Amino acid sequence: MGALQSIPGHPEYSDLSDKTGFSFEQISVLHKRFKQLSHNEDTLHRDDLSAIPDLSCNPIRAQIIEAFFDQRNFSPSEEGTVEEIRFEEFLVVMSHFRPPRHSMSEEQRESVRKDKLRFLFNMHDTDNDGTITLQEYRHVVEELLSRSGALGKETAKSIADAAMLEVASISVGHMEPDEFYEGITFEHFLKLLSGFDIEHKMSIRFLNVDTTLCK
Amino acid sequence: MLRFEHGKTWLLWTLICLILVFGIEAKSKSDHSHNGHHQNASSITGIPIVTFKWHHVEMPYTVALWILVAGLGKLVIEANHHVTNVIPESALLICFGFILGGIIWGADKVQTFSLTPTVFFFYLLPQIILDAGYFMPNKLFFSNLGGILIHAIIGTCWNAATVGLSLWGCHVGGAMGDIDIGLLQYLLYGSLLSAVDPVAVIAVFEQVHVNEVLFIMVFGESLLNDGVTVVLFNVFDAFVSLGGAEIDAAEIIKGIISFFVVAFGGALVGVVFGLLLSLLTRCTKNIQIIEPGFVFVLGYLSYLTAEMLSLSAILSITFCGVCCQKYINANMDEKSVTTVRYAMKVFANGSETMIFVFLGISAIDKTIWVWNTGFILLTLLFVFVYRCIGVFFLTWIQNKFRLVPLDFTDRLIMSYGGLRGAVAYGLAVLLDENKIKERPLMIGTTLIVVYFTVILQGITMKPLVTWLKVKRATSSDLMLIGKVQNKVFDHLLVAIEDISGQKGHNYMRDKWNNFESKWLSWILMKPSARKKHDHVFDVFHQLNLRDALDYVAEGECKGSLEFIRNETAYIDFRKKFGDDFSDISMPDITIDMGDTTIANPYTRRDTVPSISLEMHEQTMNGLRESEDMNTHHLLQQHLYKGRKQHRHRYSRSHFDVNQDENEVQEIFQRTMRNRLESFKSGKMGVTPPKTITKHSKKDTQQKVKKEMRWNRPTLYSDLPYFEFSEESSASGYTGSIPRVSYTAGVGIENPAFMPDLDPMAPVQIPPWLAEGETDSATVAPSQRAQAGLPWTPSNLRRLAPLRISTRSSDSFVLADTLPSSSRERDELPPPPSPPPSPPHS
């Protein structure tokens, strides 16, 4: 690619580009941002992300930041969280939000979809055990509702409860009285969000130009 | 006798009237009947009892008749769905118009009725556009606004220019024979044909359910291109009047500036009126019955204001609807909102019907038909071809920037969806006969283009969409998780954009949302509405309403809801079966189970925490059969005798169902007593008080009721402090009127309101939380309670918080929910810990 020559001094971009699918321009923009966030260090810490001013009013900030330090999101074989991430990991996490390519086969589309859903699933599954327990999910919902909008805590709670009932009834359907619902597995999660246009809903456009300086 | 005489007089008068009418021809119509009337009165002594005054009512009568006829036409057309599945309704209505037009032509030999621009633009169009704006899916609309604007502005200009120029070229080339149309007139003609028509697009696309992005692209374009059309039309109209020589660069620049003024000015007027409307609905609480009217009146005013200022009226009313929808829906009473929705649909649908019928009728008119094969065919061809070229080119550019590109089939449908309609026809009729010699030809060709697009393209749209496998709209069930997950996506995307340091769509939207909820909502929304206003909450509310309706429907099959709600029956039940099992003493049974298990020990099984309410229906159905016999007996004894008497009354400003306070009192009283009794039996392990026999109860009830009525003014506020003293209940309410003690401070101690004692409370516990309890027996609902689940209002889980949120002053509702909520607070395990803090490696 001719673009490689246009950014001299970054041969590693080519590897990253292969791995994440970002273009060189995008990588360079993100790299700049990474440096900015980490104050020119090689690694990024949680505090660096929490310090972003725009993020401060996001109701699910904690979960999102956590997702960046969740090993499952960049090295599928490992579990647990890490303290700091390098640019490569940062980029891999970001790549979950890359828009799908224009022409894709059904299988590719399905795998993109699964990939994105896996990220979402990991975000909800805070204790890394492969199921989102209802407590975990309920917590997310409650957080989300009570911190955003004018809903009172009570109402948020009850909406969370109602949502849980839906989760249970969709993922299991009919249950015997003595059965009991352990939590949402990944399969359930796929089923739950089957009607969603995840490929497009969980995508943002990564620009080729740096817009951070436009503040 | 009398009737006969009346008839005779009527006949007589009619005859006289008719004679007079036909006799005096020179006079004008109004004079006619007036004079006739007077002459009659003077020539024949006595007061005329009935007179026939057709001219007096002619105008409104004709209008009403036409509306009726159009409505009936629609009725006939819609009666057969096999036909409307193939041919869109709009096409059928036009054909219906042909038939009517033919009849009129046959009768009068001249077309008496046709769609005039005044009627169309002032009386038929506004409500359709208002409806479109009011029901506009705002998020979708604004997230695609860029693309829509490109098509609306550039696409429309492209259409106008190319169609005009190509026709002119062909004219010069000699394809049309001898007609007198200059270049400017061709451009004027092109500009009136350029606009995609919102009415036609709605009518056709409504039945084709294409995916929402595609729909909003076509539909949004059709709404917004009006500004462009109006400007182009006015500019070229002015140019035609000026004549070719007078046009210089200054005029052209003025034209371009006027475009921005007209389009943005129109939108601005609309926004202003939308905000005014929102503000107004903030304070219409006391005139609820007419508040829906404001929506229509102000909407119409925004249209007229823009028209007055020669701005784009369609843009104005569109934006009025778009801006106010959120706030008026939140501010107005739910009933008013429903009224607005329905009335909006009635008006819009009615006008649409009228428009299509009249488009058909207008065709049957000899004066507009000047046939010119070359002109007509070339117009059709160019309109279609340039639309396709324009759309494909513009989407090709857009796709370079779009996150979700429009694929080939989408683009094809967009091109094919370029339907022309009544707006084009209305503009064509507006052409000035003196300036444009070939006006009839233009009107006729415009009509042909309209018929071609609406009928032919309308009919073929559906097969084409099916054949191309265009992504259809997915009609998904209303789900809370869906909405919640959508919210998660929103915040997630914003966060990612924040982290990656980009200022993308999501960032902008988030900023706008913040601004909106901080300032706009604060100004435009009632404080009470602001609290409740949340999309997720709306869904939640709707689901609750559905649940409640289901509950009513289900409950009614089984008997009076009053009975189901009223636990009096259980008391008797207990007596009946409790006696049989009286040897089984359960002194140490847990509080929660005490009451209910004794009631039907024969069905007792292990109490199992449940996850889903639905699954209990099965168990319960079985249970129910065995209970049926007893229930019947109980029902006969204790069924609440409805005392609901509708007081028929008429009021112009109120529209409420009579809520008899006696009834409310009685329900309350019964509930309270049962609550208390079950409390006592549960809490103290006491055997329930002697069941009250029917007789004594009725007596006391009436007495109590009486007393309650004396105390009415204080009742509502003091209800929670009611205490049915033990003595009175122990004595079965016989003897003296039970004391109603208004002890101050008693309220919170009142046992009936102690959280743990509510017999319904166990039901309230979400099963997934209950499962975490170590001792399930204390929390799990007893079998009776479980079996009763779907039959008790309080177990409709979603319902509970609603009542909490409304903070109803209705005390027994409070009593119902408070214990459960406080219980949840008290007993449930603390909410799951927040995401684990980063383990320090």
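Everything numeric in this text was worked out from a predicted model, so none of it was measured.

**Observations regarding the overall build of chain A**
Part 1 of the argument: Of the regular secondary structure elements, chain A holds eleven helices and two strands.
Part 2 of the argument: Reading the helices (α) and strands (β) of chain A from amino to carboxyl end gives α-α-α-β-α-α-β-α-α-α-α-α-α.
Part 3 of the argument: Residues classed as buried in chain A amount to 54% of the 215 residues present.
Part 4 of the argument: In chain A, once contacts between residues fewer than 6 apart in sequence are set aside, the share between residues at least 24 apart is 55%.
Part 5 of the argument: Summed over its atoms, the accessible surface of chain A is roughly 9,600 Å², and 50% of this surface lies on carbon and sulfur atoms.

**Regarding the overall build of chain B**
Part 1 of the argument: Per the secondary structure count, chain B includes 38 helices and zero strands.
Part 2 of the argument: Considering only contacts within chain B whose residues lie at least 6 apart along the sequence, 79% involve residues at least 24 apart.
Part 3 of the argument: Accessible surface, chain B: about 40,400 Å² in total, of which carbon and sulfur atoms supply 64%.

**Comments concerning the packing of aromatic side chains**
Part 1 of the argument: Within the structure shown, the criterion is met by 26 aromatic pairs over all chains.
Part 2 of the argument: Measuring from centroid to centroid gives 5.0 Å for Tyr-134 of chain B and Phe-135 of chain B, while their planes differ by 90°, and the two rings are edge-to-face.
Part 3 of the argument: By relative accessible area, Tyr-134 of chain B is classed as buried at 4%.
Part 4 of the argument: With a centroid separation of 5.4 Å and an interplanar angle of 80°, the aromatic rings of Phe-296 of chain B and Phe-347 of chain B are classed as edge-to-face. In this pair, Phe-296 of chain B is assigned in helix α13 (residues 291-308) and Phe-347 of chain B in helix α15 (residues 334-363), connecting sequence segments 51 residues apart.
Part 5 of the argument: Taking relative accessible area as the criterion, Phe-296 of chain B reaches 17% and is therefore assigned buried.
Part 6 of the argument: Clustering of aromatic rings is evident, with ring pairs tying together Phe-34, Phe-68, Phe-87 and Phe-90 of chain A.
Part 7 of the argument: For Arg-98 of chain A, the ring lying beneath its charged end belongs to Phe-22 of chain A, and the centroid distance is 6.0 Å.
Part 8 of the argument: One cation-aromatic arrangement involves Lys-345 of chain B over Phe-135 of chain B; the distance from NZ or CZ to the ring centre is 4.2 Å.

**Things to note about the packing of α13 of chain B against α15 of chain B**
The axes of two packed helices give the description: the angle between them and the distance between them.
Residue and element names in this part refer to chain B.
Part 1 of the argument: With their axes 8 Å apart at the nearest point, α13 and α15 run at an angle of 40° to one another. For the element pair α13 / α15, the angle class is oblique. Here the hand of the crossing between α13 and α15 comes out right-handed. When α13 is examined against α15, the residues Glu-291, Pro-292, Val-295 and Phe-296 are found in contact with a partner set consisting of Ser-336, Thr-339, Val-340, Ala-343, Met-344 and Phe-347.
Part 2 of the argument: The residue inventory of the contact of α13 with α15, partitioned by class, reads seven nonpolar, two polar and one charged.

**Here we look at the confidence of the model for chain B**
Residues and elements named next belong to chain B.
Part 1 of the argument: Taken residue by residue, chain B gives an average pLDDT of 71. The fraction at 70 or more is 61%.
Part 2 of the argument: Per-element averaging of pLDDT across chain B places helix α35 (residues 776-779) at the bottom with 39 and α13 at the top with 93.
Part 3 of the argument: Low pLDDT (under 50) marks residues 1-9, which in the prediction has one contact with non-local residues, meaning those over four places away or in another chain.
Part 4 of the argument: Between residues 578-619, whose pLDDT stays under 50, and residues either more than four places distant or in other chains, the model counts 81 contacts.
Part 5 of the argument: Scored by ipTM, the complex comes to 0.86, with pTM at 0.69.

**Overview of the pattern of salt bridges**
Residues and elements named next belong to chain B.
Part 1 of the argument: Applying the stated criterion across every chain, the model contains twelve salt bridges over all chains.
Part 2 of the argument: Notably, a salt bridge pairs Lys-139 with Asp-490, separated by 3.7 Å at the nearest N-O pair. Here the residue Lys-139 occupies a position in helix α7 (residues 138-143), and Asp-490 occupies one in helix α20 (residues 480-500), the gap between them amounting to 351 residues.
Part 3 of the argument: Here Glu-221 and Arg-387 are joined by a salt bridge, their closest N and O atoms 2.9 Å apart. With Glu-221 in helix α11 (residues 212-242) and Arg-387 in helix α16 (residues 373-399), this residue pair connects regions lying 166 residues apart in the sequence.

**Concerning the side chain of Arg-411 of chain B**
All names here are of chain B.
Part 1 of the argument: Assignment of secondary structure puts Arg-411 in helix α17 (residues 408-416).
Part 2 of the argument: Summary of buried charges: Arg-411 has no salt-bridge partner, and the nearest side chain of opposite charge, Asp-407, is 7.8 Å away.
Part 3 of the argument: Among residues more than four places away in sequence, those in contact with Arg-411 are Val-391, Phe-392, Thr-395, Trp-396, Asn-399 and Leu-406.

**Thoughts on the packing of helix α6 (residues 117-134) of chain B against α15 of chain B**
Residues and elements named next belong to chain B.
Part 1 of the argument: Two elements in contact, α6 and α15, have axes whose closest approach is 8 Å; the angle formed by their N-to-C orientations is 135°. In terms of their interaxial angle, α6 and α15 are classed as oblique. For α6 against α15, the interelement crossing comes out left-handed. The residues of α15 that touch α6, namely those facing Phe-120, Leu-124, Gln-127, Ile-128, Leu-130, Asp-131 and Tyr-134, are Val-337, Val-340, Arg-341, Met-344, Lys-345, Phe-347, Ala-348, Ser-351, Glu-352, Met-354 and Ile-355.

**Structural notes on the environment of Glu-78 of chain A**
Part 1 of the argument: Position of Glu-78 of chain A relative to the elements: it lies in the loop between α5 (61-68) and β2 (84-86).
Part 2 of the argument: With residues near it in sequence (within four places) discarded, Glu-78 of chain A still touches Gln-71 and Arg-72 of chain A.

**What to know about the nonpolar core**
Part 1 of the argument: In terms of nonpolar packing, the biggest core is built from 137 residues, with Phe-120, Leu-125, Leu-359 and Ile-413 of chain B touching the most fellow members.
Part 2 of the argument: Of the residues forming this core, the biggest block, 15 residues, is contributed by α11 of chain B.
Part 3 of the argument: Not counting chain neighbours up to four residues away, the residues in contact with Phe-120 of chain B comprise Leu-115, Leu-125, Pro-126, Ile-355, Ala-422 and Val-423 of chain B.
Part 4 of the argument: Residues Phe-68, Leu-145, Ala-156 and Leu-190 of chain A belong to the second largest nonpolar core, which totals 71 residues.

**Topic: unusual backbone geometry**
Most peptide bonds adopt trans geometry, and most residues besides glycine take a negative phi value.
Part 1 of the argument: For His-209 of chain B, which is not glycine, the phi dihedral falls at a positive 40°.
Part 2 of the argument: Counting through the fold element by element, His-209 of chain B comes out in the loop between α10 (198-205) and α11.

**Some details on helix α7 (residues 106-124) of chain A**
Part 1 of the argument: When the terminal C-alpha atoms of α7 of chain A are compared, their 27 Å separation across 19 residues agrees well with the 27 Å that a helix rising 1.5 Å per residue should span.
Part 2 of the argument: Regarding α7 of chain A, the residues found buried are Arg-113, Lys-116, Leu-117, Phe-119, Leu-120, Phe-121, Asn-122, Met-123 and His-124 of chain A.

**A short note on the side chain of Gln-185 of chain B**
Residues and elements named next belong to chain B.
Part 1 of the argument: Mapped onto the elements of the fold, Gln-185 is located in helix α9 (residues 183-194).
Part 2 of the argument: Within the structure, Gln-185 has its side chain in polar contact with the backbone oxygen of Lys-435 (distance 3.2 Å).
Part 3 of the argument: In contact with Gln-185, not counting residues within four places along its chain, are Asp-180, Val-240, Lys-435, Ile-436 and Met-442.

**A look at a nonpolar patch on the surface**
Residue and element names in this part refer to chain B.
Part 1 of the argument: Nonpolar side chains collect at one region of the surface, where Phe-52, Trp-54, Val-57, Tyr-61, Leu-65, Leu-68, Leu-72, Leu-75 and Val-76 lie side by side and expose about 840 Å² of accessible area between them.
Part 2 of the argument: Its location among the elements puts Val-76 in helix α3 (residues 54-79).
Part 3 of the argument: On the accessibility criterion, Val-76 (61% relative accessible area) is exposed.

**Some remarks on the environment of Pro-126 of chain B**
Residue and element names in this part refer to chain B.
Part 1 of the argument: In this structure, Pro-126 sits in helix α6.
Part 2 of the argument: In this structure Pro-126 comes out as buried when scored by relative accessible area, which is 2%.
Part 3 of the argument: Put simply, Pro-126 and Ala-313 are 187 residues apart on the chain and 8.5 Å apart in space, counted from C-alpha to C-alpha.

**With respect to the confidence of the model for chain A**
Low pLDDT marks stretches whose predicted atomic positions should not be read closely.
Part 1 of the argument: Confidence in the prediction of chain A, expressed as mean pLDDT, is 74, and 81% of residues score 70 or more.
Part 2 of the argument: Taken together, the stretch residues 1-8 of chain A has pLDDT below 50 and engages in eight contacts with residues farther than four places along the chain or on a different chain.

**Quick look at the environment of Met-354 of chain B**
Residue and element names in this part refer to chain B.
Part 1 of the argument: Within the secondary structure, Met-354 sits in helix α15.
Part 2 of the argument: Placed 283 residues apart in sequence, Met-354 and Gly-71 show a C-alpha to C-alpha distance of 8.2 Å.
Part 3 of the argument: Apart from residues lying up to four places away in sequence, Met-354 is in contact with Trp-66, Ile-67, Ala-70 and Leu-124.

What counts, and at which threshold
In every chain, residue numbers begin from 1 and rise along the written sequence. The lettering of chains begins at A and the numbering of ligands begins at 1, in the order of writing. Note on the predicted model: pLDDT of at least 70 is required for a residue's local features to be given, and 80 or more for side-chain atom pairs to be given and counted; whole-chain, interface and lining totals, by contrast, use all residues. Calculation of side-chain values draws on the structure's entire complement of heavy atoms; hydrogens and water are dropped beforehand. Secondary structure elements follow DSSP: runs of H or I no shorter than four residues count as helices, runs of E no shorter than two count as strands, and numbering proceeds from the N terminus. Throughout, exposure labels follow a simple rule: accessible area from a 1.4 Å probe, protein chains only, divided by the maximum for the residue type, with under 20% read as buried, over 50% as exposed, and the rest as partly exposed. Here, two residues are considered to be in contact whenever any of their heavy atoms come within 4.5 Å of each other. Here the open area of atoms and residues is found with the Shrake-Rupley method and a 1.4 Å probe, where only the protein chains shown may cover a residue. A pair of aromatic rings is counted whenever rings of Phe, Tyr or Trp (Trp by its six-membered ring) have centres within 6.5 Å, and the orientation is called stacked for planes under 30 degrees apart, edge-to-face for over 60 and tilted otherwise. Definition used: whenever NZ (Lys) or CZ (Arg) falls within 6 Å of the ring centre and also within 35 degrees of the ring normal, the charge is taken to sit over that ring. Helix axes use the C-alpha atoms of the stretch in contact, all axes being lines fitted to C-alpha atoms, and the angles between their N-to-C directions lie in the range 0 to 180 degrees. With respect to orientation, any angle under 35 degrees is reported as roughly parallel, any angle over 145 as roughly antiparallel, any angle of 65 to 115 as roughly perpendicular, and every other angle as oblique. Crossing handedness is defined as follows: a turn of the near helix away from the far one that is anticlockwise and smaller than a right angle gives a left-handed crossing, while the clockwise case is right-handed. Gly is put with the polar residues, along with every residue not named as nonpolar or charged; the nonpolar set is Ala, Val, Leu, Ile, Met, Phe, Trp, Tyr, Cys and Pro, and the charged set is Asp, Glu, Lys and Arg. The pLDDT value tells you how sure the predictor is about a given residue, anywhere from 0 up to 100. Just to be clear on terms, a salt bridge is a Lys or Arg side-chain nitrogen sitting within 4 Å of an Asp or Glu carboxyl oxygen. Only four residue types enter the tally: Lys and Arg on the positive side, Asp and Glu on the negative side; His and the chain ends are excluded. The nonpolar core is taken to be a set of buried Ala, Val, Leu, Ile, Met, Phe, Trp, Tyr and Cys residues, with the residues joined through side-chain atoms within 4.5 Å. By this rule the span expected of a helix is its residue count minus one, scaled by 1.5 Å. Within 3.5 Å is the distance limit for a polar contact, defined as a pair of N or O atoms, with the added protein rule that one can donate a hydrogen and the other accept it, and that residues adjacent in sequence qualify only through two side-chain atoms. Patch membership requires more than 30% relative accessible area and the absence of a salt bridge. Residues of like charge join within 9 Å; the nonpolar side chains Val, Leu, Ile, Met, Phe, Trp and Tyr join within 5 Å.

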